[in-house]
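Below, each chain spelled out in residue letters.
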Amino acid sequence: MAEHNYKFNVTMTCGGCSGAIERVLKKMEGVKDFDVSLDSQTATVKTEDTIDYTAVLEKIKKTGKKVNSGEADGVPQSV
């Protein structure tokens, strides 16, 4: 089965910020794996091929965190 790899640069100032993003990704159906790093200010998400970039972007934005940049399967995307 195919999958997508998405990477987002997100402004996070504390463990609560990264924890909020982890919680929404954990609940999102179709997410296979993710890594949220406060140190590198990134969220890397691996999803099933049925989950599009915009759906993941919107979930992260709903936490109130600022998404600075994003890419889908290595290709820069708008945020």
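Note: the structure precedes this text.
Residues numbered from 1 in each chain as written. Predicted model: local features only at pLDDT ≥ 70, side-chain atom pairs only at ≥ 80, totals over all residues. Heavy atoms only, no water.

K.L.:
Even after reading the chapter, I still don't get the packing of aromatic side chains, so can you show me in this structure?
P.N.:
Ring pairs (aromatic) are described by centroid distance and by the angle formed between their planes. In the structure shown here, the tally under the stated rule is two aromatic pairs. Here Tyr 6 and Tyr 53 contribute two aromatic rings whose centre-to-centre distance is 5.9 Å and whose plane-to-plane angle is 75°, an arrangement assigned as edge-to-face. Linking Tyr 6 in strand 1 (residues 3-10) with Tyr 53 in helix 2 (residues 53-61), this pair joins segments that are 47 residues apart in sequence. Given the relative accessible area of 3%, Tyr 6 is considered buried. Tyr 53 sits in the buried class, given a relative accessible area of 9%. Ring centres of Phe 8 and Tyr 53 lie 5.3 Å apart, and the angle between their planes is 20°; this geometry places the pair in the stacked category. With Phe 8 in strand 1 and Tyr 53 in helix 2, this residue pair connects regions lying 45 residues apart in the sequence. Classification of Phe 8 by relative accessible area gives buried; the value is 0%. (Phe/Tyr/Trp six-rings, centres within 6.5 Å; stacked < 30°, edge-to-face > 60°. Helix = DSSP H or I, 4+ residues; strand = E, 2+ residues; numbered from the N terminus. Buried < 20%, exposed > 50% of the residue type's maximum accessible area, 1.4 Å probe, protein only.)

K.L.:
Got a minute to help me understand the side chain of Thr 63 in this structure?
P.N.:
With respect to the element layout, Thr 63 can be found in the loop between helix 2 and strand 4 (67-72). Residue class for Thr 63 comes out buried when judged on its relative accessible area of 18%. Here Ile 60 takes part through its backbone oxygen, which lies 2.6 Å from a polar atom of the side chain of Thr 63. Of the polar contacts made by the side chain of Thr 63, one reaches the backbone nitrogen of Lys 65; its length is 3.4 Å. Ignoring any residue separated from it by four or fewer positions in sequence, one finds Thr 63 in contact with Ala 20, Ile 21 and Val 24. (Polar contact = N/O pair within 3.5 Å; in protein donor to acceptor, adjacent residues only side chain to side chain. Contact = heavy atoms within 4.5 Å.)

K.L.:
Just checking my understanding: could you explain helix 1 (residues 15-27) for this structure?
P.N.:
Since the α-helix advances by 3.6 residues per turn, residues separated by three or four positions end up pointing in the same direction. Here helix 1 contains 13 residues, and its C-alpha end-to-end distance of 18 Å stays within 8% of the 18 Å for a straight helix at 1.5 Å per residue. Turning to helix 1, its buried residues number three or more, namely Cys 17, Ser 18, Gly 19, Ala 20, Ile 21 and Leu 25. In this structure, the buried residues of helix 1 make contact with strand 1, strand 2 (31-37), strand 3 (42-48) and helix 2. (Expected span 1.5 Å × (residues − 1).)

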